[in-house]
Amino acid sequence: MEDQLVQVLANTQLAAEGPRKQAELDLKHASTNPAYLLSLANIARHASITVDVRQAALSALRLFIEKNWSGESDSGPAIPIADSIKDQIRPMVLDLALNSEDDKKIKAAASFTAGKIANVDFPEQWPSLLPTLLEIIPSGTDGQLHGALIVLRDLVDESLSDGQFFSMARDIVKVVYDVAINEKRKPALRALAVSVFRGCFDLMDTVKDEHPKEVHGFAEEAMKGWFPFFDQTMKLRLPDRDPQSISQPDSWNGLIALKLQVVKCLLKLKLVFANLLAPQTPVFFQAIWEELLLLEPSHELMYIENEAQGRLEDSDGLPYTLDFLVLEELDFLNSCMRAPPVRKELEAQLAIHASAHETPWVLDIMKLASSYARITREEEELWDIDVSLYLAEEQSVSANYTPRTACGDLIIKLGEWLNQKALEGLFAHTKNLFAENASWRKQEAALYLLNMLLNDFLDCNKPAPPEVSQAYLELVTYAVNRPAEPLLRARGYLVAGVLAQFDGAATTLTNQTVEAITAEQSELVQVACIKAVEGFLQSENAMGDQQLQANVVNAIKQWMTIKDMTEIEESDDLLVTLTETLRAAINLDKRVAVSPDVPALDLLFPIAKHGSSNWQVTMLVCEEFEDVVKSLPDAASFQALCQKVLPSLTGAFNVADVTSDNPLITVAAELMASLTQYASEPLPPGFVAVTLPKLSRLLMEANEGEILRPGAESVKYLLAHDHEQVLNYHDENNRSGLEVCLLIIDRLLGPTIEDNAASEVGGLAAELVEKAGHERLGPFLPQLLQAVANRLATAEAAPFIQSLILVFARLSLLGAHDVVEFLSTIQIDGQSGLQIVLSKWLENSVNFAGYDEIRQNVIALSKLYSLNDARVAQTMVKGDLIMPASDRIMTRSRAKQQPDQYTIIPAPLKILKVLIEELLSASGMNSAATAAAAAAAAEFADENDDDGWEDDPDTLDLNLGSTKNDLMGFLEASNMRNRDDETQNYLTEFFVTAARDNIAGFGEWYNGLTDDEKAKLNEIRPAE
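One structure accompanies this document, and this report is about it. Here the structure is a predicted model, which is why all the values come from computation and not from measurement.

**A short note on a negative patch on the surface**
Moving on, step 1. A cluster of acidic residues, Glu307, Glu378, Glu381 and Asp384, forms a negative patch on the protein surface.
Moving on, step 2. Assignment of secondary structure puts Glu381 in helix H18 (residues 377-385).
Moving on, step 3. Using a relative accessible area of 37% as the deciding quantity, one classes Glu381 as partly exposed.

**Focus on the packing of aromatic side chains**
Geometrically, a pair of aromatic rings is defined through the distance of the ring centres and the angle of the planes.
Moving on, step 1. Going through the model one piece at a time under the given rule, you end up with 20 aromatic pairs.
Moving on, step 2. For the ring pair Phe197 and Trp226, a centre distance of 3.9 Å and an interplane angle of 0° mean the geometry is stacked. Taken together, the positions of Phe197 in helix H10 (residues 187-207) and Trp226 in helix H11 (residues 212-234) put the pair 29 residues apart, joining distant regions of the chain. Taken individually, Phe197 and Trp226 each receive the classification buried, so the pair is uniform in this respect.
Moving on, step 3. The rings of Tyr177, Phe197, Phe201, Trp226, Phe229, Phe230 and Phe273 are connected pair by pair, giving a single aromatic cluster.
Moving on, step 4. Note that Arg343 overlies the ring of Trp417, its terminal NZ or CZ placed 4.5 Å from the centroid.

**Structural notes on unusual backbone geometry**
Moving on, step 1. In this model, Phe122 is joined to Pro123 through a cis peptide bond whose omega is 0°.
Moving on, step 2. Relative to the helices and strands, Pro123 is located in the loop between helix H6 (104-121) and helix H7 (129-139).
Moving on, step 3. A positive phi angle, close to 50°, is found at Asp829, a residue other than glycine.
Moving on, step 4. Structurally, Asp829 is set in the loop between strand S1 (827-828) and strand S2 (831-832).

**A word on empty space enclosed by the protein**
Moving on, step 1. Tallied over the full model, the rule gives two cavities of 30 Å³ or more.
Moving on, step 2. Computed from the structure, the largest cavity encloses a volume of approximately 40 Å³.
Moving on, step 3. Taken together, Ala798, Ile801, Gln802, Asn844, Asn847 and Phe848 make up the full set of residues lining the largest cavity.
Moving on, step 4. Looking at the lining of the largest cavity element by element, the count peaks at three residues for helix H38 (residues 798-825).
Moving on, step 5. Partitioning the lining of the largest cavity into residue classes produces three nonpolar, three polar and no charged.
Moving on, step 6. Computed from the structure, the second largest cavity encloses a volume of approximately 30 Å³.
Moving on, step 7. Ser469, Gln470, Leu473, Leu499, Asp503, Ala505 and Ala506 are the residues that line the second largest cavity.
Moving on, step 8. In terms of residue count, helix H23 (residues 466-480) provides more of the lining of the second largest cavity than any other element does, three residues in total.

**Observations regarding the side chain of Ser714**
Moving on, step 1. Counting through the fold element by element, Ser714 comes out in helix H34 (residues 705-727).
Moving on, step 2. A relative accessible area of 0% places Ser714 in the buried class.
Moving on, step 3. Residues contacting Ser714, with those up to four places away along its chain left out, are Ala669, Met672, Ala673, Thr676 and Leu695.

**Observations concerning the nonpolar core**
Moving on, step 1. Counting 345 residues, the largest nonpolar core has Trp226, Phe230, Leu675, Phe808, Trp841 and Phe991 as its most contacted members.
Moving on, step 2. Top element by residues in this core is H38. It accounts for 14 residues.
Moving on, step 3. Phe991 has contacts with Leu912, Leu915, Ile916, Leu919, Phe1002, Leu1017 and Ile1020, leaving out every residue within four places of it along the chain.

Each value, and the rule that gives it
- Residues numbered from 1 in each chain as written.
- Predicted model: local features only at pLDDT ≥ 70, side-chain atom pairs only at ≥ 80, totals over all residues.
- Heavy atoms only, no water.
- Patch = residues over 30% accessible without salt bridge, like charges linked within 9 Å, V, L, I, M, F, W, Y side chains within 5 Å.
- Areas by Shrake-Rupley, 256 points an atom, 1.4 Å probe, with all protein chains shown as cover.
- Salt bridge = Lys/Arg side-chain N within 4 Å of Asp/Glu carboxyl O.
- Lys, Arg positive; Asp, Glu negative; His and termini not counted.
- Charge placed at Lys NZ, Arg CZ, Asp CG, Glu CD.
- Helix = DSSP H or I, 4+ residues; strand = E, 2+ residues; numbered from the N terminus.
- Buried < 20%, exposed > 50% of the residue type's maximum accessible area, 1.4 Å probe, protein only.
- Phe/Tyr/Trp six-rings, centres within 6.5 Å; stacked < 30°, edge-to-face > 60°.
- Lys NZ or Arg CZ within 6 Å of the ring centre and 35° of its normal.
- 1 Å grid on protein atoms, 1.4 Å probe; cavity = no way out; pocket = protein on both sides within 12 Å on 5 of 7 lines; lining within 4 Å.
- Points joined across faces, edges and corners; volume = space filled by probe spheres on them.
- Nonpolar A, V, L, I, M, F, W, Y, C, P; charged D, E, K, R; others polar.
- Contact = heavy atoms within 4.5 Å.
- Core = buried A, V, L, I, M, F, W, Y, C linked by side-chain atoms within 4.5 Å.

Structure (structure tokens):
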């Protein structure tokens, strides 16, 4: 079989598609042969076979092991592997990983395969693995050591349990430490050893909570040896390079890989044991600072002036190029800024100087940051090809984290600490660069850092000193008038747009920036100006400036006219920039939306069309359109708006197949929902005749929830604003508006539409019942309500359940007795409709969302209770959760075996329990407590700003002003229930009256409440 497999594996490497695919099929068929695994392992071990085939054998072996070794597979049934075969495969693969063969590709593939086996078998079926590795590592050849470290790294990362690591930690750390400090070993192997040690911190982080003293003591003891080694490594200097060569010398690769792993290890240590690293930070801060200064010329030669290959990793996944090292060291420098020993020293130097710009370290860090923040040759060429990549960096949404963005982060962190002093220090350095006529790249980099800093100031509502803003204006004016340097011009415009939001003086460049959108030769400068104009429009001086508004809109229109918009459909960031600037222009005076002279909305729709597959563009367009419609002062304005937008909106629905995945239809449906929601009352004449046919077709043919939900909402709003126009409408088949609505509701309630897609049908049905009334609906009313009840019985999605329940809740507001009467007469799957609907209603009421909806539900339930109807009292529903007696942790599997149990109680008692819960929510107690906790957290962060690092990952840095703003903004924008006085007053009056007058036997039901519920009621004080 081996000879046949060798040929098959060779054929899988062929360039020709036909023979290659046939070989892949042959390999799949061979995998069912019991001899398949051993044959692959033997092929991989044969040195006489070509490396490509041996690699292919190991790859096939690994894939087979991943799928079948454990006996369980996510992609179909696993092929069983006999234990006797497994016993042979383990030593064969490990031997291949640990032997003295020099081919790194084979050893890496074998080591990777051994790791996959260890994930399943270690330690139970492979107890000898770790002792074997620990025995080979100290004395093995470089080839053996390489394989052993790869397998050990996989063990540490994937296979070792907390307990196993705890028992073997000293041995593992000792052997990798000995390799790391051994200067006779290759630097790449030493880097691999440090990588293994770094992986150990994740395991220590896991067990330190259970054994804090022991783990901390172990880490402290271990670091006594590692810290001197780290310090020594960081002070090693790279060998001299050939000044004529722009590529990285091979002699640098190993040492850079080693240094990189040391810095990564320090950063990991900061996350897990920050207090151990803190005393050492001045030493490492100084060492890395000095190295960054030394690396600056090489980085400039390789990446700024030329396009040396960067961002490279070796076959073991270890990065080894200079740009990676610089990036990690800048991150460490940033991280050290808040270390108490470093900050103490820097603050001491700051205190002995009259100002920040006279403090040497402030100027030095600005110089260092602006050097590494320079645009690389690679970035310059990429941006010239695709300006959207340039905008992605500006909006901080690029996944390409570079030394430039790292320097921006460094300056932002400095600004969070030093506030205006950081701005003063940056200005002093920037002024020197312009005075010295430094290269445009250095000037642009300094202005880029200013951009980052000022944007953070805006996010945190920090002021910028007017004198600094005005001083920068001179430099910016110089930058925007450099004809031969487009990237410097672009940066100048962008900085001007930000400065304008601090100081009115910068608005002197507004007209020049707007004109440059069309006058500039460089497309990159044009889009930079479009982005910068947004800043000018958001300045105080721009508010209400209709001339500026018209100029901006017309400039964007002219820019879009000469562009092929289909070519920028994939340029997400460019589309977002266009949308945001156009939105800022409209917001100056929303009356422009109905102006015949300024085509603001006319531009918004083509952007929405070409950006319909981009969620951010869609969201911005929909939000702005909603704001425009809400702002219209009268019916005449709304009618004027309709004349402008309805042709575009209804035209979007004129596609042959609305069931296809067409994002433009989704956008149009969302916009139509906004237009109808905030429409005038009554609707303009003919509005229904234009919109309802399109909406009807959409709702009768489409299946996607993103289309059906806004579509159903639109019809609901048509009924809400002008039901007479809807009901008097007749379509081309002479069907009345009532019949059209009933057909839509019938389809959305049908079994073919998913819950989430139909979640707005209840609101539509309730609106139709309310507006059409019993007279118009006639025999259709009970059929409609029966259909709603039937679908409610099977509904599972919370929004859909709420939507359907509100049909009965709104009817109960007008006639609770009629609702009970109707539900008592219908059967759903052999059960009473009253039983089905009340059970679902009371189980889900506490999860309702929306103030109006909750208030309607509360009033409806109180009316049902007050009926004192025997049929309601005899309906039994779920009560309180029965807490399990066991204190065992409830896993998902146990939860399936032991589902939650509830008491069974009469419906009136459950209604009272729900209303008591709603009383607590309406009082705002829950949201108040959460907001207070968040505010306290932010305040605590302020008080402890100088306490330094914590032994927790700083995934959320509460010391950052922007984080605090985001946190409080999240609280304001979230769906948490705030105080609702109207609902609270209603419920208070209800309970006071029920208790006083013993409504519906309140005294007896009261005895069935829990002590907590009784206590809540006893706290109620009647309104005076």
